[in-house]
Amino acid sequence: MNADAATHKAEELRRQISRTEKELQDLRAQLQELESSSTNGRHDHIPEESGSGTATAPAPGSKWPLKEEEYARYGRQLILPSIGINGQLRLKSSSVLIIGAGGLGCPAAAYLSGAGVGTLGIVDGDTVEVSNLHRQIAHSTSRVGAPKVDSLAQYSRDLNPEVAYRCHGEHLTPQNAEAIVSRYDVVLDCTDHPTSRYLISDVCVLLRKPLVSASALRTDGQLIVLNNPPAPPGAADGGGPCYRCVFPRPPPADSVVSCGEGGILGPVVGVMGVLQALEAIKLIAAGIGKGDNADPKQWNAPSLLLFSATSSEPFRSIRMRSRKPKCFACSAESTLTLKELKSGSLDYVQFCGVSTPISVLRPEERISAADYNDILAQGLNTTSLLLDVREKEHFDIASIPGAIHVPFSAFQAKYRSTTGGEKPSLDWLPEETPSEAPIYVVCRVGNDSQLVARKLKDMGIDSDGKRFVGDIKGGMRAWKREVDGTMPFT
Ligand SMILES: [Zn+2]
């Protein structure tokens, strides 16, 4: 069996295991329901979406508010002054929504289900990939290919079957956001892109839900509790700031890197996810998750926690202001409504200036990986240039023979303010390069390469079209697919 066939077979087996595990789960749930209805003669206390979640109420007639096994399970946290029996009962009657079953969502779900929240909802439309496993600790090699929501629910259920789990196997959109978020008391933003951050914040403001937001990239993370207290927009007594109060404008689109490209250290995102669970538990135990009956003294002033794994002082906390008087979403001036949000008139993708894949080159300015391989085969690469604009760590792992390395970040820094009028320095070009030598640009998946090729043209490097300047469509990912399957792709 060759390597490809073996990989294929292994994937098929993983899928089969995943399907079988799901069947087993369903069978267990059916059995549980049967046993429960035959012993109690009733099963109305079984949560609608449990799949395995058992009773959320003590046995009828019991004089204690928790079941015996719950005293055993939660004993170590029950005896803490900040939790106590009231805090535990609040946790048990609470419902928490985790948006994103990835590096943040996995540890957050683990600690929230461990702590005994009543219902845990999970939103995610992706499936488990091998590249997730170094940080998304609830998934497993045997569940590669399975929906992330199912994988995370299964992991959490194994940890604590007392919790009811609700899987929303889709991405959050303006259209489904209200229906999903309205069913929960507290929301955790465990996503990794600005477009979802603004959408989640807006819907939490409109539905008056406290929001625990975190992000992590490379070796840094940040955490903030938003909309706490969750007062209505423009409320006179003020509520906590929303995401737009803290970040009124999205980061420049070309600075947005998701961890797929920017890299991430597992424990860094793990730390941030654990902290999200901690903040949610504190909110709920203090009664804030339910909103109205909480003690206002419990509300901490909003602060932004910054974590840097490489700093000598890894944690720093910055006090934040309360709501912004002119905030688009939460101020008295806000005209944002659920109806408007649902109608799709707010274009979050456009607001963040991101559209993937980008398209700034015409088809004739792009060549396929296979076509560039022909150029190599014909030896034409000696009279043309290949510019690899991936960052150093990617380039060091593997590159196309003869490529000149100019990282995208360095390229941007160098030419940001260059316009067509000036003569830009091209010190990365070998001196003997003929002025008409074609320039091909390659990056990871074919976005940055387009931006670089476009910029080179804008700077006049293409000699008014006499010299070809373009990119390799689909970048190194396409190269691996079309030309060299052995090339490591990171
Ligand atoms: Zn706001």
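Computed from a predicted structure; not experimentally measured.

Binding of the zinc ion to the protein goes through Cys-242 (SG), Cys-245 (SG), Cys-327 (SG) and Cys-330 (SG), at separations of 2.2 to 2.3 Å. Every donor counted, the 4 donor atoms about the zinc ion form angles of 93 to 119° at the centre, which fits tetrahedral coordination. Within one chain, the residues donating to the zinc ion are spaced in sequence as C-x2-C-x81-C-x2-C. Of this pair, Cys-245 sits in helix α8 (residues 243-246) while Cys-330 sits in the loop between β8 (315-319) and α11 (338-343); the two residues are 85 residues apart in sequence, bridging distant segments of the chain.

Right, let's talk about the sheet that holds strand β2 (residues 119-123) for a bit. Here 8 strands make up an open sheet; going across it, the order is β3-β2-β1-β4-β5-β6-β7-β8 and the pairing mixed. Looking at which strands have only one partner, the edges of the open sheet turn out to be β3 (164-168) and β8. Direction aside, neighbouring strands of the sheet carry axes that sit 15° apart on average. Where strand β6 (residues 220-226) lies against strand β7 (residues 303-308), 5 bridges are found, and the strand directions are antiparallel. Note that in β7 the partner of Leu-223 across the bridge is Leu-305. Sitting on the sheet, helix α7 (residues 194-207) is in contact with β1 (95-99), β4 (186-189) and β5 (211-217), with an inclination near 170° to β5.

Take the pattern of salt bridges next. Should their charged atoms come close, side chains of opposite charge can pair. Scanning the model with the defined rule gives 17 salt bridges in all. One salt bridge in this structure joins Glu-162 and Lys-67, with 2.8 Å as the shortest N-O distance. Of the two residues, Glu-162 is situated in the loop between α5 (148-159) and β3 and Lys-67 in the loop between α1 (3-40) and α2 (68-78); the sequence distance between them amounts to 95 residues. Owing to a relative accessible area of 13%, Lys-67 belongs among the buried residues under this scheme. For Asp-471, the salt bridge identified is with Arg-366, shortest N-O distance 2.8 Å. Within this pair, whereas Asp-471 is found in strand β13 (residues 469-472), its partner Arg-366 is found in strand β9 (residues 366-367), the two being separated by 105 residues in sequence. Judged on exposure class, the residue Asp-471 and its partner Arg-366 are both buried. Several salt bridges converge on common partners, so that one network encompasses Arg-362, Glu-364, Glu-365, Arg-454, Lys-457 and Asp-458.

This brings us to the packing of helix α4 (residues 105-115) against helix α10 (residues 266-285). At a minimum axis distance of 7 Å, the contact between α4 and α10 shows a crossing angle of 35°. The hand of the α4/α10 crossing is right-handed. Facing α4, whose interface residues are Pro-107, Ala-108, Tyr-111, Leu-112 and Ala-115, α10 presents Gly-270, Gly-273, Val-274, Ala-277, Ala-280 and Ile-281. Residues of the contact of α4 with α10, tallied by class, amount to 9 nonpolar, 2 polar and no charged.

Time to look at the side chain of Ser-95. Residue position: Ser-95 is located in strand β1. Of note is the side chain of Ser-95, whose polar atom sits 3.4 Å from the backbone oxygen of Arg-183. If we skip the residues at most four places from it in the chain, Ser-95 touches Thr-119, Arg-183, Tyr-184, Asp-185 and Val-186.

Let us look at the UniProt feature "binding site: Zn(2+)" (unreviewed entry) in the protein chain. Mapped onto the present numbering, the UniProt feature "binding site: Zn(2+)" (unreviewed entry) falls on Cys-242, Cys-245, Cys-327 and Cys-330. Considering the C-alpha atoms alone, the annotated residues occupy 89 residues of sequence yet fold into one spot, their largest mutual distance being 8.5 Å. With sequence-adjacent residues up to four places away left out, Cys-245 is seen in contact with Arg-323, Lys-324, Cys-327 and Cys-330. Of note, Cys-327 is situated in the loop between β8 and α11. Taking the relative accessible area as the measure of exposure, Cys-327 reaches 5% and is therefore buried. Leaving out residues up to four positions away in the same chain, Cys-327 has contacts with Cys-242, Arg-244, Cys-245 and Ser-334.

Reading the values: the criteria
- Residues numbered from 1 in each chain as written.
- Predicted model: local features only at pLDDT ≥ 70, side-chain atom pairs only at ≥ 80, totals over all residues.
- Heavy atoms only, no water.
- Donors = N, O, S within 2.8 Å, 3.2 Å for Na, K, Ca; no water.
- Tetrahedral: all angles 85-135°; square planar, octahedral: opposite > 155°, others 65-115°.
- Helix = DSSP H or I, 4+ residues; strand = E, 2+ residues; numbered from the N terminus.
- Pairing = 2+ DSSP bridges.
- Axes fitted to C-alpha atoms, helices over the stretch in contact; angles between N-to-C directions.
- Contact = heavy atoms within 4.5 Å.
- Salt bridge = Lys/Arg side-chain N within 4 Å of Asp/Glu carboxyl O.
- Buried < 20%, exposed > 50% of the residue type's maximum accessible area, 1.4 Å probe, protein only.
- Left-handed = near helix turned anticlockwise from the far one by under 90°.
- Nonpolar A, V, L, I, M, F, W, Y, C, P; charged D, E, K, R; others polar.
- Polar contact = N/O pair within 3.5 Å; in protein donor to acceptor, adjacent residues only side chain to side chain.
- UniProt positions renumbered as here; feature names shortened; annotations may be inferred.

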